[in-house]
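Commentary on secondary and tertiary structure
The chain contents come next:
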Amino acid sequence: MTTRANSATEFLRRSGLGRAGLILTVILILLALFAPWVSPSGPAAQNLPARLQGPGAGHWMGTDELGRDVFARVLYGARISMLVGISVVTGAGFLGLALGALSGYFGGWLDRIINGVLVNAFLSFPGILLAIAFAAFLGPGLDKVVLALVITGWAGYARLARAQVLKVKEMDYVLAARSLGASRTRIITRHILPNAIQPVLIQATIGMAGAILAESTLSFLGLGVLAPAPSWGAMLNDASTYLFSAPHMVIFPALAIMSAVLAFNLLGDALRDWLDPRTRAHLITLDLTR
């Protein structure tokens, strides 16, 4: 464990993009956790005489059409985005990993149903359009958004998990466990999944960015989080009317979405490179030649 931690520290020391992704992610998480203490006011507190004010000392990011502090709403919006991202990645990841592992290990008719029918059917539609359809059918609300994104997001994890299981189940240690009479459940949970989960974790990290962006899109269309909850997408929707008269209402939520998506994409790319021995060796070589 210590060696692996030292390896990660050494990799981050050499990977500038990895450090940037990690720093942005940590800042995002801290802002979401400590929003009640950092925020100057509640996200729904209205002050009509101060409506549509630009950024200033009293309101760092200005106010919206109801006089609500944009900075406070951006901070609390980070909580909603992180909650949706973690819930969607956890739900879709576990569902996809379970179905993909069963499909890859047992094969046969089960593989034809899961991979040949279900996975291909879900992947044949653009993900965001499918999410919009499910969100419209289920109705708005935080729990409905999470459910819609889990339903539309599990197929990618299942396809990746199936490919990894197909490769890992032919390894010598799996064949040895099978020859010793280990049960299928033990082989899958103790030998296959621990050695096939790394690419799924990388996909989950990048999937956080996709879930945050999808939630913002659904909220912008009025199919996501209900008002007055401070969703970044809903803030952009509210600000569309004041695009030229109060551009700060658009700029700061858009920057928040961009920063969150960029952070998790950079972190996912860094995690992928760290788990790839060839990339680690290349970075070490570049560092030694400087």
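As shown above, the structure is provided for reference.
So, here's what we can say about the structure. All values reported here derive from a predicted model rather than from experimental measurement. Throughout this description, residue numbers start from 1 for each chain and increase along the sequence as written. Selection of residues for local features in this predicted model requires a pLDDT of at least 70, selection of side-chain atom pairs for listing and counting requires 80 or more, and totals for whole chains, interfaces and linings are taken over all residues. To get the side-chain values, all heavy atoms of the structure are used, and hydrogens and water are removed first.

**Thoughts on the overall build of the protein chain**
- The helix count covers DSSP runs of H or I at least four residues long, the strand count covers runs of E at least two residues long, and both are numbered beginning at the N terminus. Within the protein chain, the regular secondary structure consists of 13 helices and zero strands.
- Helices (α) and strands (β) of the protein chain occur, in sequence order from the N terminus, as α-α-α-α-α-α-α-α-α-α-α-α-α.
- By principal-axis analysis of the C-alpha atoms, the protein chain measures approximately 75 × 55 × 30 Å.
- Between buried and exposed lies partly exposed: a residue is buried under 20% and exposed over 50% of the maximum accessible area for its type, with that area taken using a 1.4 Å probe on protein chains only. Counting all 290 residues of the protein chain, 42% fall into the buried class.
- Sequence separation of 24 or more characterises 71% of the internal contacts of the protein chain that already satisfy a separation of 6 or more. Contact criterion: two residues are considered in contact whenever any of their non-hydrogen atoms come within 4.5 Å of each other.

**Digging into the nonpolar core**
- Put simply, buried Ala, Val, Leu, Ile, Met, Phe, Trp, Tyr and Cys residues joined by side-chain atoms within 4.5 Å make one nonpolar core. Residues Leu28, Val74, Trp154, Trp232 and Phe264 are the most contacted members of the largest nonpolar core, which totals 41 residues.
- Elements that contribute at least two residues to this core include exactly α2 (16–33), α4 (70–106), α5 (108–123), α7 (142–168), α10 (198–220), α11 (232–239) and α12 (248–275).
- If you look at the next biggest cluster of nonpolar residues, it comprises 15 residues, including Val145, Ala148, Leu149 and Leu218.

**Quick word on the packing of aromatic side chains**
- Side-chain rings of Phe, Tyr and Trp, where Trp is taken by its six-membered ring, are said to pair if the distance between their centres is within 6.5 Å; with planes under 30 degrees apart they count as stacked, over 60 as edge-to-face, and otherwise as tilted. On inspection of all chains with the given rule, the structure shows four aromatic pairs.
- With centroids separated by 5.1 Å and ring planes inclined at 90°, the aromatic side chains of Tyr105 and Phe106 adopt a geometry described as edge-to-face.

**Description of empty space enclosed by the protein**
- A cavity, in this analysis, means grid points on a 1 Å lattice covering only the protein atoms where a 1.4 Å probe fits yet has no way out; a pocket is instead an open set bounded by protein on both sides within 12 Å along at least five of seven lines, and a residue lines either one if it has an atom within 4 Å of a point. Grid points are joined across faces, edges and corners, and a volume is the space filled by probe spheres set on the points. Applying the stated criterion across every chain, the model contains one cavity of 30 Å³ or more.
- Space inside the largest cavity adds up to approximately 60 Å³.
- Around the largest cavity, the lining residues are Asp64, Glu65, Arg68, Val70, Arg73, Met235, Asp238, Met249 and Pro253.
- For the lining of the largest cavity, the elements supplying multiple residues, two or more each, are α4, α11 and α12.
- Under the convention adopted here, Pro, Cys and the residues Ala, Val, Leu, Ile, Met, Phe, Trp and Tyr are nonpolar, Asp, Glu, Lys and Arg are charged, and Gly plus all remaining residues are polar. Taken together, the residues of the lining of the largest cavity sort by class into four nonpolar, no polar and five charged.

**A look at unusual backbone geometry**
- The backbone phi angle of Leu52 is positive, close to 60°, even though this residue is not glycine.
- Within the secondary structure, Leu52 sits in the loop between α3 (35–38) and α4.
- With relative accessibility at 26%, the residue Leu52 sits in the partly exposed group.

**Description of the pattern of salt bridges**
- We define a salt bridge as a contact between a side-chain nitrogen of Lys or Arg and a carboxyl oxygen of Asp or Glu at a distance within 4 Å. As enumerated under the stated definition, the model contains four salt bridges in all.
- With its nearest N and O atoms 2.7 Å apart, the salt bridge here joins Arg68 to Asp64. In terms of burial, Arg68 and Asp64 fall into one category: buried.
- Here Asp64 makes a salt bridge to Arg73, at a shortest N to O gap of 4.0 Å. Each member of the pair, Asp64 as well as Arg73, carries the same accessibility label: buried.

**A word on the environment of Leu266**
- Assignment of secondary structure puts Leu266 in helix α12.
- By relative accessible area, which is 14% here, Leu266 ends up buried.
- Remark: the alpha-carbon pair of Leu266 and Asp64, spanning 202 residues in sequence, is separated by 31 Å.
- When sequence neighbours within four positions are dropped, the list of residues in contact with Leu266 reads Leu17, Ala20 and Gly21.

Purely geometric numbers; function is a separate question.
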